[in-house]
Amino acid sequence: IMCIKKKLKLIKRYGLYGGLRLLKDIFLTKFLFCSNVRIIRFPCYIRKDGSVSFGKGFTSGVGLRVDAFMDAVVSIGENVQINDYVHIAAINNVIIGRDTLIASKVFISDHNHGIFSKSDIHSSPTIIPSSRPLESAPVYIGERVWIGENVTILPGACIGNGVVIGANSVVRGEIPNNVIIAGVPAKIVKKYNYERMQWERI
């Protein structure tokens, strides 16, 4: 009876079509993935040449794409929520800390097609991009991070705990704890003051 009441409550909240689709996604999540995941909405695409793990309570919107190429590790912590059309691509490591919220259309990658900035021989523009050597650096996203719409997180980014990332930002390098960043490239615009209990402009 409790199960029927729960299903009727979902249908009432999301409408008949939305409720039935949600029930289908819950069933597929528990059947195809693991029971500790809350829900993965379909369609989704997960390529596991390497390792992909989802923490307890994980939730995703539609269109999630996770590529773990070669021996890559993609690790997503507990109670992470990812919204629609997020793409995570890894040949090395992408780590996302617990209680993080990611808006729609976010791109996170730990690699590039080609070498453009190091002291190594740079990739020639005469080589087609897909044939250029892959350059990678791990991506780390801390706990309780809020990533806004259309954000791009580049290889080597290390984002601290409690960070807020403004929509349409491009993130690279090391970001300290408890700051708000925005822009292209993203820069610190505010920092949280625990004594005053407020965000202060830098």
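Procedures and definitions
Residues numbered from 1 in each chain as written. Predicted model: local features only at pLDDT ≥ 70, side-chain atom pairs only at ≥ 80, totals over all residues. Heavy atoms only, no water. Salt bridge = Lys/Arg side-chain N within 4 Å of Asp/Glu carboxyl O. Buried < 20%, exposed > 50% of the residue type's maximum accessible area, 1.4 Å probe, protein only. Pairing = 2+ DSSP bridges. Helix = DSSP H or I, 4+ residues; strand = E, 2+ residues; numbered from the N terminus.

(A) Region of the structure containing the pattern of salt bridges. In total, this model carries six salt bridges according to the counting rule given. Between D67 and R65 there is a salt bridge, with the nearest N and O atoms lying 2.8 Å from each other. R65 sits in the partly exposed class, given a relative accessible area of 37%. Across the pair R98 and D99 runs a salt bridge, and its minimum N-O distance is 3.2 Å.

(B) Just the sheet that holds strand β11 (residues 107-109), in detail. Strand order in the open sheet made by the six strands is β2-β5-β8-β11-β16-β19, with parallel pairing throughout. The open sheet has two edge strands with one neighbour each: β2 (44-48) and β19 (170-171). Alignment of strand β8 (residues 87-90) against β11, held across three bridges, turns out to be parallel. The residue of β11 that forms the bridge with A89 is S109.

(C) Layout of the pairing of strand β21 (residues 179-182). Strand direction decides the pairing type here: strand β18 (residues 164-165) and β21, joined by two bridges, are parallel. When the bridges of β21 are listed, V164 appears paired with I180. Two strands pair when backbone bridges link them, and β21 and strand β22 (residues 187-193) are joined in this way by four bridges, in the antiparallel orientation. By the bridge assignment, I180 is partnered in β22 with K190. Hairpin connection between β21 and β22: a loop of four residues separates the two successive antiparallel strands, and G183 in this loop has a positive phi of roughly 110°.

(D) Molecular detail of unusual backbone geometry. Of the consecutive residues F42 and P43, the connecting peptide bond is found in the cis state with omega at 10°. Considering the arrangement of structural elements, one finds P43 in the loop between β1 (39-40) and β2. Between V184 and the following residue, P185, the backbone shows a cis peptide bond with an omega angle of -10°. Mapped onto the fold, P185 is located in the loop between β21 and β22. Look at N79: it is not a glycine, yet its phi comes out positive at around 60°.

Everything listed here is a matter of geometry and, on its own, says nothing about what the molecule does.
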